[in-house]
Structure formats: structure tokens, C-alpha cells
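# A closer look at the structure
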Amino acid sequence: MARGVLSFPLTSFGDDGSLDPDGFRAHLATQLAAGPGAVFPACGTGEFFSLDEDEYRRVVTLAVQETAGRVPVVAGTGYGWAQAVRFARIAEEAGADALLVLPHYLVAAPQDGLVAQLEHIAARTRLPLIAYQRGPVAFTADSVRRIAALPTVIGLKDGHSDLDRLQRLTLAAPEGFLFFNGAATAEVQARAYATVGVPAYSSAVHAFAPEIANAFFAALRDGDDKTADRLLRDFYVPLVELRDRVPGYAVSLVKAAARLRGRPVGPVRAPLTDPSATDLADLRTVLTTGLDLVGATL
């Protein structure tokens with residue numbers, strides 16, 4: 001998975017808010033054509049929190065069918081462990097390769113509870129698990145040792161961007177335990193994460209502009225700082241500034257950008273909201289600039 005950008009496809013909805021399977025399949029096909037290292041359906045960017053179990057089953061099944069074994073399919077799961085297990089079993093039946101365990105719902109929890117959450121899920125599914133620390137979930141080095149000792153827990157995705165803490169976690173983990181940069185717009189912090197031994201990252205940009213995402217990934221891989229800096233300065237940082245205007249834009253802008261490029265992904269579901277006309281116009285400008293930098297067009 002470190003050999004390519006990690007793709008988090010959007011979940012397509014119709015104008016009435018219903019699941020659009022054909023739109024999702026078409027969107028995913030464009031993602032796969034861009035050569036990601038893995039596909040993560042029904043995760044945060046895919047609005048996992050808004051899917052019922054039947055919709056989740058359809059999304060994961062379509063992802064497995066469309067991917068056809070070319071790259072790993074890592075489905076999202078979450079909420080409390082009992083509900084997470086229900087989703088895990090659906091993903092297992094659908095043929096997913098692994099699960100990303102999203103942060104639990106609402107409550108703060110001690111380290112013993114965070115570990116127990118993964119223990120309960122791991123005991124009830126055969127699928128490998130990747131823990132996601134973000135929001136209320138933040139593991140200590142000792143907890144990482146404990147979850148890494150579970151036979152099916154294979155890695156951790158970090159969304160806190162506390163590099164001091166993350167370095168302690170990478171040093172505590174056994175050899176071969178996977179770490180991923182899961183910061184919002186992860187490319188902005190990709191070089192910093194790499195300095196503590198975490199080069200792999202997820203890319204929301206890949207969901208609407210894989211040309212840009214792949215160009216940045218190649219620049220990092222090849223040590224092309226000039227290209228990486230240009231993309232960061234002229235595209236990624238303006239995108240982040242636009243993203244930070246409204247809560248939820250980390251997903252809403254991604255969907256809007258995909259629609260600007262003719263992708264059949266539809267609107268976001270409440271409680272998210274689609275961008276305002278002003279923000280959409282600014283998004284078009286940022287996206288056009290980024291595409292121009294890599295020789296692509298809207």
C-alpha cells in the first residue's frame with residue numbers, strides 16, 4: 001500500500017439522497033484507472049456515518065467487484081464495537097480484504113477501553129484491522145504494543161498529526177506494523193510524517209484529481225522538492241484554506257470538486273452541506289490551477 005496513493009472513494013448519491021450504485025461504480029473505475037495503492041470504500045470520505053447496513057453492503061460489494069483483486073479493498077467500520085462487528089461481518093461477506101476501524105461514537109474513553117474496543121472487534125471477524133486514531137481516539141505507546149499483539153491488528157492510521165507522539169508509537173510497534181498518515185489533506189504534512197517513518201498516506205484529492213495526487217506522490221518519491229513545493233504552495237495550501245471555511249468541507253469540497261469534473265457522485269448527505277456558490281467558484285479556481293500545474297484540464 002506504500003507503493004501508491006491510498007484512494008478513499010466517494011459514495012455516490014442521487015439528487016434525492018438515495019444511493020446511486022451506477023454512479024459509484026463509474027467513480028470507482030476512474031479511481032482504479034489512476035493506479036492507487038489500495039481502495040478504502042465507505043470510510044470518512046465515503047460518508048460511512050450516513051450509510052445504513054444495506055447501503056454499506058452494496059458499496060463494499062461493488063468496490064470488491066470493480067477492484068477485482070487488483071489492489072486491496074479496506075472497508076470502513078465503526079461506532080461501538082457491537083455495531084462495528086455488524087459492519088465487519090457484512091464487509092467480510094462482501095469480500096473485503098481488511099477493515100479500517102473508525103473512531104468510536106461520542107464518548108471519551110481510557111486506554112484500556114480503546115484497546116478493548118479493538119479486542120472485541122478482532123475476536124469477531126477474520127479480517128485484518130487497521131485502527132484509526134483521530135478525535136476521541138489517541139493511543140499511547142503501551143496501548144500500541146497491546147493492539148499490535150492482537151494477531152489481526154496490522155496497523156494504525158493517524159489523524160492527530162502530533163509527530164512527537166507518533167514517533168513514540170512507531171518506535172513502540174513491532175517490525176512490520178503499518179502506519180499511515182491520515183491527516184486531513186494529508187499531502188500538506190506528508191514530508192513531516194515521512195521523517196518519523198510514516199511515508200504512506202491517504203489522499204482525498206485522489207477522489208477528484210488523481211493527476212495532482214499522483215504527481216505529488218511521485219515528487220515525494222523522487223525527491224523533487226521543486227515540484228512538491230509548487231503543488232503545495234499553489235494548490236494544496238489554497239485548498240486547505242478553502243476547506244477550513246466551513247465544518248464538513250473536508251468531504252463536501254471533495255464531492256463538489258468531483259462534480260466539477262463530471263464525476264457522478266451527487267450531493268453530500270446531512271448533516272454535511274454542499275458548498276455555497278461563492279466557495280464553489282473559489283474551488284473551481286483552485287482546482288483549475290492545480291490541474292494546470294500537472295498538465296491536465298478540468
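This next bit is on the layout of surface pockets. The gaps of empty space that remain are located by a probe, the size of a water molecule, rolled over the atoms. When its volume is computed, the largest pocket comes out at roughly 860 Å³. Around the largest pocket sit 38 residues that line it, and Gly44, Thr45, Tyr132, Arg134 and Val251 are the ones nearest its centre. When its residues are assigned to classes, the lining of the largest pocket shows 26 nonpolar, eight polar and four charged.

It is worth spelling out empty space enclosed by the protein at this point. Throughout the structure, instances matching the rule amount to two cavities of 30 Å³ or more. Approximately 90 Å³ is the volume attributed to the largest cavity. Looking at the lining of the largest cavity, the elements that each hand over two or more residues are α4 (111-122) and β5 (129-133). Of all the elements, α4 adds the most residues to the lining of the largest cavity, at three residues. Of the residues assigned to the lining of the largest cavity, the class counts are nine nonpolar, two polar and no charged. Considered as a void within the structure, the second largest cavity measures approximately 30 Å³ in volume. Lining the second largest cavity are Leu6, Phe8, Phe40, Lys157, Phe180, Tyr201 and Ser202.

A word on the nonpolar core. With 65 residues, the main nonpolar core has Tyr56, Leu100 and Phe139 as its most contacted residues. The element contributing the most residues to this core is helix α3 (residues 81-94), with seven residues. Not counting the four nearest positions on each side in its chain, Tyr56 is found in contact with Ala42, Phe48, Leu51, Ala75, Gly76, Phe87, Ile90, Ala91 and Leu99.

This part covers the side chain of Ser203. Tracing the chain through its elements places Ser203 in strand β8 (residues 202-203). By relative accessible area, which is 0% here, Ser203 ends up buried. Within the structure, the side chain of Ser203 is placed 2.6 Å from the side chain of Glu187, a separation counted as a polar contact. Beyond its immediate chain neighbours, meaning those up to four positions away, Ser203 contacts Val5, Leu6, Phe8, Glu187 and Ala213.

Below, the discussion takes up the packing of α4 against helix α5 (residues 141-148). Closest axis-to-axis distance for the α4/α5 pair is 10 Å, and the angle between their directions is 20°. By the criterion of interaxial angle, the relationship of α4 to α5 is roughly parallel. Judged by the sense of rotation from one axis to the other, the crossing of α4 with α5 is right-handed. Along its contact with α4, which presents Gln111, Asp112, Val115 and Leu118, the element α5 presents Ser143, Arg146 and Ile147. Its residues assigned to classes, the contact of α4 with α5 comprises three nonpolar, two polar and two charged.

It is worth spelling out helix α11 (residues 277-293) at this point. Taking 1.5 Å per residue as the helical rise, α11 with its 17 residues ought to reach 24 Å, and the 25 Å between its terminal C-alpha atoms agrees with that figure. Of all the residues in α11, the buried ones are Asp279, Leu283, Val286, Leu287, Gly290 and Leu291. All buried residues of α11 project into a common sector of 130° when viewed along the axis, lining one side. Turned more than 90 degrees away from the buried face of α11, the exposed residues are Ala277, Thr278, Thr285 and Asp292. On its buried face, α11 sits against α8 (210-222), α9 (225-243) and α10 (249-260). One or two residues past the end of α11 sits Gly295, with phi positive at roughly 75°.

Another aspect to go through is the pattern of salt bridges. For the structure shown, the criterion picks out 17 salt bridges. For Glu211, the salt bridge is made with Arg261, and the minimal N-O distance between the two is 2.8 Å. Residue Glu211 is located in helix α8, and its partner Arg261 is located in the loop between α10 and α11; the two are separated by 50 residues in the primary sequence. We classify Arg261 as buried; its relative accessible area is 10%. A salt bridge links Asp234 to Arg233; its shortest N-O distance comes to 3.6 Å. By relative accessible area, Arg233 is classed as exposed at 53%. When salt bridges that share partners are traced, they join Arg191, Asp225 and Asp229 into one network.

Cut-offs and rules
Residues numbered from 1 in each chain as written. Predicted model: local features only at pLDDT ≥ 70, side-chain atom pairs only at ≥ 80, totals over all residues. Heavy atoms only, no water. 1 Å grid on protein atoms, 1.4 Å probe; cavity = no way out; pocket = protein on both sides within 12 Å on 5 of 7 lines; lining within 4 Å. Points joined across faces, edges and corners; volume = space filled by probe spheres on them. Nonpolar A, V, L, I, M, F, W, Y, C, P; charged D, E, K, R; others polar. Helix = DSSP H or I, 4+ residues; strand = E, 2+ residues; numbered from the N terminus. Core = buried A, V, L, I, M, F, W, Y, C linked by side-chain atoms within 4.5 Å. Buried < 20%, exposed > 50% of the residue type's maximum accessible area, 1.4 Å probe, protein only. Contact = heavy atoms within 4.5 Å. Polar contact = N/O pair within 3.5 Å; in protein donor to acceptor, adjacent residues only side chain to side chain. Axes fitted to C-alpha atoms, helices over the stretch in contact; angles between N-to-C directions. Parallel < 35°, antiparallel > 145°, perpendicular 65-115°, else oblique. Left-handed = near helix turned anticlockwise from the far one by under 90°. Expected span 1.5 Å × (residues − 1). Arc of directions from axis to C-beta. Salt bridge = Lys/Arg side-chain N within 4 Å of Asp/Glu carboxyl O.

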